[in-house]
Amino acid sequence: MKTRLVWMLGLWVLTTAGCGGGPTPGPGPDATIPSAPTEPVSLDKNDYPVFPDADAGADPEVSAEDGGAGFTGEGWTTNTDFDFIGDPRAVKGGRIVQDTNDFPGTLRIFGPDVTVWNQVLHELVYERLINSHPTSLDFIPHLATHWQESEDHRSFRFRIDPNARFSDGEPVTAEDVVATWDLMMKPSTQAANYRALLAGFERPVAETKYIVSVQSTESSWRNLGNLSLLWIFPAHVIETLDDDDDYLRGYNYKMMPGSGAYVLNEEDLDRGNSVTIRRREDYWAEHQRRNIGRHNFDEITDLVVRDRNLAFEMFKRGDTDTYFVNRAQMWAEELEFEQVQKGWIQKRKIFTQQPQGIQAMAFNMRRAPFDDIRVRQALILLFNRQQLIEKLFYNEYQPQNSIFPGGVYENKNNPPNLYDPERAMELLAEAGWSERDSQGRLLKDGQPFNLQLTYYLQSSEPMLTVYQEDLRSVGIGLTLRLITPATLMKLLDERQFDFVSIAYSASSPYPMPETMWRSELADQPASNNLTGFKNARVDEIIEAYDGSSDLDTRIELMQELDNIVANEYVFVLQWFAPFHRVVYWNKYGQPEGYLDRIPEMGVSEVLRLWWVDPVKQAALDDALRNDRALEVGPSEIRYWLDYEDPAEAPDPSAP
């Protein structure tokens, strides 16, 4: 799931983050140097129990019937047959430093100033009751060992693992689920997107120390999945919050204890410069099968480098170890420098089956002139996508005409929005922009047509400049305003923008449309309904989608929604690509697919799945000392594209 939950879409403000810790800087004082295993490593999943030392930490006063020691799970559901997510051959230790282009506006996951960076952080520090396996998409245990779901999808129970512990040593209990719910549902927490997803549920009930139940007022196939979105926070900390705004103020730059593999200590927060999290030596679930080969780095540091050119130069000289390439020109023309040719740096284009997100320029339809659909459509028709894809982007991308691009939910009858200045000028004339001044500028009521586009990635300027020139040629002025991601988030949360460049990444295999398209969120701050979209039929579709148990029906409903949104012209849609491009210093080990089949957070999977390979590290060190070349690996990783027979592979569109 992503922050700013859209369809599990996260507002991708920090997509340019790279990972580092190159050959020049060594591990930090608390980061161990990994060593190679001395014994053969088993690749048989059955050698790694799902629940090692089951119930060893159970409260002896809690009976088996109440979820304590001896609990059999009879009448409950669990999953003990799932495959590895990580690679058992991974080794623990070492350090990775990732660059980010701005310091986070907050460490919170609820409230204003939250970006995808916060999502990545919380995935490492906190855990959910259950989660989806990234290959099979089946639910697997996390904090809960077992769960129950009624046939009508309205009643749910979870049994908490008695071994689960927060980083401060306190046990995870059913009361923590209730307290987390209460915190999230408080209006002062400003968790509008989460509340929209979980609005149909009643307050959870702690039946026993280890068993929690939840009732829904609505029957939906998505209910169990929606409940799985909750990270669980400690009740004993939440209970110390007195005032309504204690959470927003008190936890802006500190974190409650989590039950996950990493912890963020206050002394590891260097305001404005870096954030470091450390792997827990006492992580309660380290030896569970779901975590084998995952969470390998002792330290993960986010280093603020606001200039992308500087970040690339830092990577090339070894100050950081990976760099995620978001420019086609760089991939095509700028990656044949000496370190790449000698194999010291490897480059990979990694294909996955991850659903595609949205890259676009968004209109604030609450404001003129974007409240006029003719103006919005005209500005879309003046965006020459195909020329940009061919001339600037080396045909790396595919044009996007859908909010669900490239999958079964895309409506193929959406308007193609081909470059058409003649039709655009007709639409503008109909909207009243028919006169011109002596400078050739379009006028309405004597005022020139001037726009401001806000953006946060300097690397997008070549594309935006072309659009600026195309608009100027027809009499429209476009001012380009570069701001930081943190500033952008503030403006978006407060709806203080006109025209903005945004990108959303999809991390759920199926659409979750309510947080972006439900009418009631259009005027709520800090929600994903950025554009002010309101449509009664879309509200009906969302309700029907939630209540349908038939996949084909849900696909038809989302295709209808997609077409309605497309014909409202709320975005200047751009392009998409089914891969991630990364260059990295040649010291890492990776699973066969490099990333998950359905990456939860895309390129951030590097933090959870890769490791410092001691053999590769030694070879790289030797090559650097002696100016010796290393093997250059394949530039494309198509493991997940070739995964099984397409007819047999799990359907990423199915829940």
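Bear in mind that the values here come from a model prediction, so they are computed numbers and not experimental data.

Our focus in this paragraph is the pairing of strand 16 (residues 358-363). Among the six residues of strand 16, five are classified as buried, and the element is accordingly described as predominantly covered. Note: strand 16 against strand 23 (residues 499-506), six bridges, orientation antiparallel. Residue pairing for strand 23: Ile 358 is matched across the bridge by Tyr 504. Bridging between strand 16 and strand 24 (residues 571-573) involves three bridges; their strand directions are antiparallel. When the sheet's bridge partners are listed, Ala 362 is paired in strand 24 with Phe 571.

Under the definition given, this model contains 45 salt bridges. The partner of Arg 278 in a salt bridge is Asp 268, with the nearest N and O atoms 2.8 Å apart. Within this pair, whereas Arg 278 is found in strand 12 (residues 274-279), its partner Asp 268 is found in the loop between strand 10 (262-263) and strand 11 (269-270), the two being separated by 10 residues in sequence. Note on accessibility: Arg 278 and Asp 268 belong to one class, buried. A salt bridge links Asp 298 to Arg 279; the nearest nitrogen and oxygen atoms lie 2.7 Å apart. Placement of Asp 298 in the loop between strand 12 and strand 13 (299-304) and of Arg 279 in strand 12 is noted, with a sequence separation of 19 residues between them. Three or more residues joined by partner-sharing salt bridges are found here, namely Arg 95, Asp 268, Arg 278 and Glu 299.

This part is about the sheet that holds strand 14 (residues 322-324). Spatial strand order, 14-26-15-29: four strands in an open sheet with mixed pairing. Bordering the open sheet on either side are strand 14 and strand 29 (636-637), each of which pairs with just one other strand. Sheet strands touched by helix 7 (residues 308-316): strand 14, strand 15 (345-351) and strand 26 (579-585). Its angle to strand 14, the strand with the most contacts, is close to 145°.

Before going further, it helps to spend a moment on the nonpolar core. With 162 residues, the main nonpolar core has Trp 517, Phe 571 and Trp 610 as its most contacted residues. By size, the runner-up hydrophobic cluster in this structure holds 19 residues, among which are Phe 315, Val 325, Leu 335 and Leu 630.

Burial analysis of helix 1 (residues 116-125) places 10 of its 10 residues in the buried class, which makes it a mostly covered element. Among the residues of helix 1, Val 116, Trp 117, Asn 118, Gln 119, Val 120, Leu 121, His 122, Glu 123, Leu 124 and Val 125 are the ones counted as buried. For helix 1, the capping residue at the N-terminal end is Thr 115, with a side-chain oxygen 3.1 Å from the backbone nitrogen of Trp 117.

Turning to the sheet that holds strand 8 (residues 205-206), a few remarks are in order. Across the sheet, which stays open at both edges, the four strands sit in the order 6-7-9-8 with antiparallel pairing between neighbours. The sheet is open, and its two edges are formed by strand 6 (144-149) and strand 8, each paired on a single side. Bridge count between strand 6 and strand 7 (residues 155-160): five bridges; the pairing is antiparallel. Within the sheet, the bridge partner assigned to His 146 lies in strand 7 and is Arg 159.

Further remarks concern the pairing of strand 23. Taken across its eight residues, strand 23 has eight buried, putting it largely inside the fold. Burial along strand 23 is two-sided: the face carrying Phe 499, Ser 501, Ala 503 and Ser 505 and the face carrying Val 500, Ile 502, Tyr 504 and Ala 506 are both buried. Pairing analysis gives two bridges linking strand 21 (residues 450-455) to strand 23, with the strands arranged parallel. Residue Leu 453 lies in a different strand from strand 23, and its bridge partner there is Phe 499.

Below, the discussion takes up the side chain of Asn 79. You can see Asn 79 is positioned in the loop between strand 2 (18-20) and strand 3 (95-100). Within the structure, the side chain of Asn 79 is placed 3.1 Å from the backbone nitrogen of Asp 81, a separation counted as a polar contact. Only 3.1 Å separates the side chain of Asn 79 from the backbone oxygen of Phe 139, close enough to count as a polar contact. Here Asn 79 is in contact with Val 50, Asp 138, Phe 139, Ile 140, Pro 141 and Trp 147, once residues within four sequence places are set aside.

On average, residues of the protein chain score 90 in pLDDT, and 93% of them reach the 70 mark or higher. Segment residues 1-30: pLDDT under 50, and 168 contacts once partners within four positions in sequence are set aside and those in other chains are kept. Here residues 645-655 scores under 50 on pLDDT; set against residues more than four positions off or in separate chains, the count is 30 contacts.

Quick look at the environment of Gly 432 now. Mapped onto the secondary structure, Gly 432 falls in the loop between helix 12 (421-430) and strand 18 (435-436). Here Gly 432 is in contact with Leu 443 and Lys 444, once residues within four sequence places are set aside.

Our focus in this paragraph is the packing of aromatic side chains. Applying the stated criterion across every chain, the model contains 37 aromatic pairs. Taken together, the ring pairs connect Phe 110, Tyr 126, Tyr 194, Phe 233, Tyr 247 and Tyr 251 into an aromatic cluster. Over the ring of Tyr 253 we find Arg 271, and its NZ or CZ is 3.8 Å from the ring centre. The residue whose ring lies beneath Lys 347 is Trp 331, and the NZ or CZ to ring-centre distance is 5.4 Å.

Two elements in contact, helix 10 (residues 373-381) and helix 12, have axes separated by 8 Å at closest approach and are oriented at 160°. One finds that helix 10 runs roughly antiparallel with respect to helix 12. Where helix 10 crosses over helix 12, the two elements pack in a sense that is left-handed. Facing helix 10, whose interface residues are Arg 374, Val 375, Gln 377, Ala 378 and Leu 381, helix 12 presents Pro 421, Arg 423, Ala 424, Leu 427, Leu 428 and Glu 430. Among the residues forming the contact of helix 10 with helix 12, the class breakdown is seven nonpolar, one polar and three charged.

What counts, and at which threshold
- Residues numbered from 1 in each chain as written.
- Predicted model: local features only at pLDDT ≥ 70, side-chain atom pairs only at ≥ 80, totals over all residues.
- Heavy atoms only, no water.
- Buried < 20%, exposed > 50% of the residue type's maximum accessible area, 1.4 Å probe, protein only.
- Helix = DSSP H or I, 4+ residues; strand = E, 2+ residues; numbered from the N terminus.
- Pairing = 2+ DSSP bridges.
- Salt bridge = Lys/Arg side-chain N within 4 Å of Asp/Glu carboxyl O.
- Contact = heavy atoms within 4.5 Å.
- Axes fitted to C-alpha atoms, helices over the stretch in contact; angles between N-to-C directions.
- Core = buried A, V, L, I, M, F, W, Y, C linked by side-chain atoms within 4.5 Å.
- Polar contact = N/O pair within 3.5 Å; in protein donor to acceptor, adjacent residues only side chain to side chain.
- pLDDT = per-residue confidence, 0-100.
- Phe/Tyr/Trp six-rings, centres within 6.5 Å; stacked < 30°, edge-to-face > 60°.
- Lys NZ or Arg CZ within 6 Å of the ring centre and 35° of its normal.
- Parallel < 35°, antiparallel > 145°, perpendicular 65-115°, else oblique.
- Left-handed = near helix turned anticlockwise from the far one by under 90°.
- Nonpolar A, V, L, I, M, F, W, Y, C, P; charged D, E, K, R; others polar.

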